[in-house]
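Structural overview
Spelled out, the chains give:
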Amino acid sequence: MQHLSHVLAARLEAGAAALAQYAESLDDAEWHLAIPHDGRQVGVVVHHVATMYPIEIQLAQALADGKGIEGVTWVDVHAMNAAHAREFAGVDKATALTALRAASEAAAVAVRALTDERLDRAGAVSLNSDAPLTCQFFVEDHALRHSYHHLARIRLTVDAARDTARRTA
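The numbering scheme is per chain: residues are counted from 1 as the chain's sequence reads. pLDDT decides what is reported in this predicted model: residues at 70 or higher carry local features, side-chain atom pairs at 80 or more are listed and counted, and totals for whole chains, interfaces and linings draw on all residues regardless. To obtain the side-chain values, all non-hydrogen atoms of the structure were used and water was disregarded.

Moving on: the layout of surface pockets. The rolling of a water-molecule-sized probe over the atoms marks out the regions of remaining empty space. Cavity: a set of points on a 1 Å grid over the protein atoms alone where a 1.4 Å probe fits but cannot get out. Pocket: an open set with protein on both sides within 12 Å along at least five of seven lines, its lining residues, like those of a cavity, having an atom within 4 Å of a point. Grid points are joined across faces, edges and corners, and a volume is the space filled by probe spheres set on the points. In this structure, the largest pocket encloses a volume near 410 Å³. Numbering of helices and strands runs from the N terminus, with a helix taken as a DSSP run of H or I at least four residues long and a strand as a DSSP run of E at least two residues long. Take the lining of the largest pocket: its biggest share by element is seven residues, from helix 7 (residues 135-168). Residues belonging to the lining of the largest pocket are distributed by class as follows: nine nonpolar, seven polar and five charged. We call Asp, Glu, Lys and Arg charged. Ala, Val, Leu, Ile, Met, Phe, Trp, Tyr, Cys and Pro are nonpolar, and the rest, Gly among them, are polar.

A few words on the environment of Ala107. On the secondary structure map, Ala107 appears in helix 5 (residues 93-112). For Ala107, a relative accessible area of 3% gives the class buried. Each C-alpha atom of the pair Ala107 and Ala122 lies 20 Å from the other, and the pair is 15 residues apart in sequence. By definition in these notes, contact holds between two residues if any of their heavy atoms fall within 4.5 Å. Each residue touching Ala107, except ones within four places of it in the same chain, is listed here: Leu12, Tyr53 and Ile57. The classification of residues rests on relative accessible area computed with a 1.4 Å probe and restricted to protein chains. Under 20% of the type maximum is buried, over 50% is exposed, and intermediate values are partly exposed.

For Ser129, which is not glycine, the phi dihedral falls at a positive 60 degrees. For Ser129, the position within the fold is in the loop between strand 1 (122-125) and strand 2 (131-134). On the basis of relative accessibility, which here comes to 71%, the residue Ser129 falls in the exposed class. The phi dihedral of Asp130 falls on the positive side, at around 60 degrees, and the residue is not glycine. Note on placement: Asp130 falls in the loop between strand 1 and strand 2. Taking relative accessible area as the criterion, Asp130 reaches 48% and is therefore assigned partly exposed.

When charged atoms on two side chains of opposite charge get close, those side chains can pair. Note on definitions: salt bridges are taken to be side-chain nitrogens of Lys or Arg within 4 Å of carboxyl oxygens of Asp or Glu. Applying the stated criterion to the full structure yields nine salt bridges. Linking Asp38 and Arg153 is a salt bridge whose minimum nitrogen-to-oxygen distance equals 3.7 Å. On the criterion of sequence distance, the pair formed by Asp38 in the loop between helix 2 (28-31) and helix 3 (42-64) and Arg153 in helix 7 is long-range, its members being 115 residues apart. Look at Asp38 and you get partly exposed, because its relative accessible area is 25%. Salt bridges here are not isolated pairs; linked through shared partners, they connect Asp38, Arg40 and Arg153.

A few words now on the nonpolar core. The set of buried Ala, Val, Leu, Ile, Met, Phe, Trp, Tyr and Cys residues whose side-chain atoms join them within 4.5 Å is what this entry labels a nonpolar core. If you look at the biggest cluster of nonpolar residues, it comprises 48 residues, and the most contacted ones within it are Val46, Tyr53, Leu100, Cys135 and Ile154. When residues in this core are grouped by element, the largest group, twelve residues, is from helix 3. Apart from the residues lying within four places of it in its own chain, the contact partners of Cys135 are Ala60, Leu63, Ala64, Leu114, Arg118, Leu119 and Arg121.

On to helix 3, then. Helical geometry: 3.6 residues make up each α-helical turn, so side chains three or four residues apart lie on a common side. Helix length check: helix 3, at 23 residues, gives a terminal C-alpha distance of 33 Å against a target of 33 Å (1.5 Å per residue), a fit within 8%. In this scheme, the bend at a residue equals the angle between the axes fitted to the seven residues that finish there and the seven that begin there. A maximum bend of about 35 degrees is found in helix 3 at Met52, where proline Pro54 lies one to four positions downstream. Helix 3 sits mainly inside the fold: 18 of its 23 residues count as buried. Looking one or two residues beyond helix 3, the residue adopting positive phi is Gly66, at roughly 85 degrees. A helix is expected to reach a length of 1.5 Å times the quantity of its residues less one.

Further remarks concern the pairing of strand 2. The pairing of strand 1 with strand 2 spans four bridges and is antiparallel. Bridging across to strand 2, Ala124 finds its partner in Pro132. Strand pairing is assigned whenever DSSP identifies at least 2 bridges connecting the two strands. With antiparallel pairing between neighbouring strands as the criterion, strand 1 and strand 2 make up a hairpin whose turn holds five residues, including Ser129 at a positive phi of roughly 60 degrees.

Below is the structure:
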């Protein structure tokens, strides 16, 4: 029987691989499309996913250690995302994809190292109204889900641009 941590890590890897594969297929104009209701360019968001893995894993490990996540707010998250978007506004595809692959690989290694006991540990999570959440939930809701969430939004953005281009051609 495969350990839960290995299943979670494989799901994380699959999401990152799907994001990378789709991002590789984009042309330069698509790479630079702004995502509606977000404002960040597609390439910046791909790079963003990569840069968030270490933070998401660090927070999950705190829960695995029986500690809560205190003082982290959505205001902080949005400010961090905005700062990242400014700093990496011109990120090229090779840089973003290299970062995504390396960070997702490191995240998967860290997730595989979690025992079932550590995955079951819970702590108050300030991002979720101090609800006592397990490490497993946090891994699934953040590091694992992150690439899937952004891939879906990127696909919608690119599909809309392609539809517009077909209609105006």
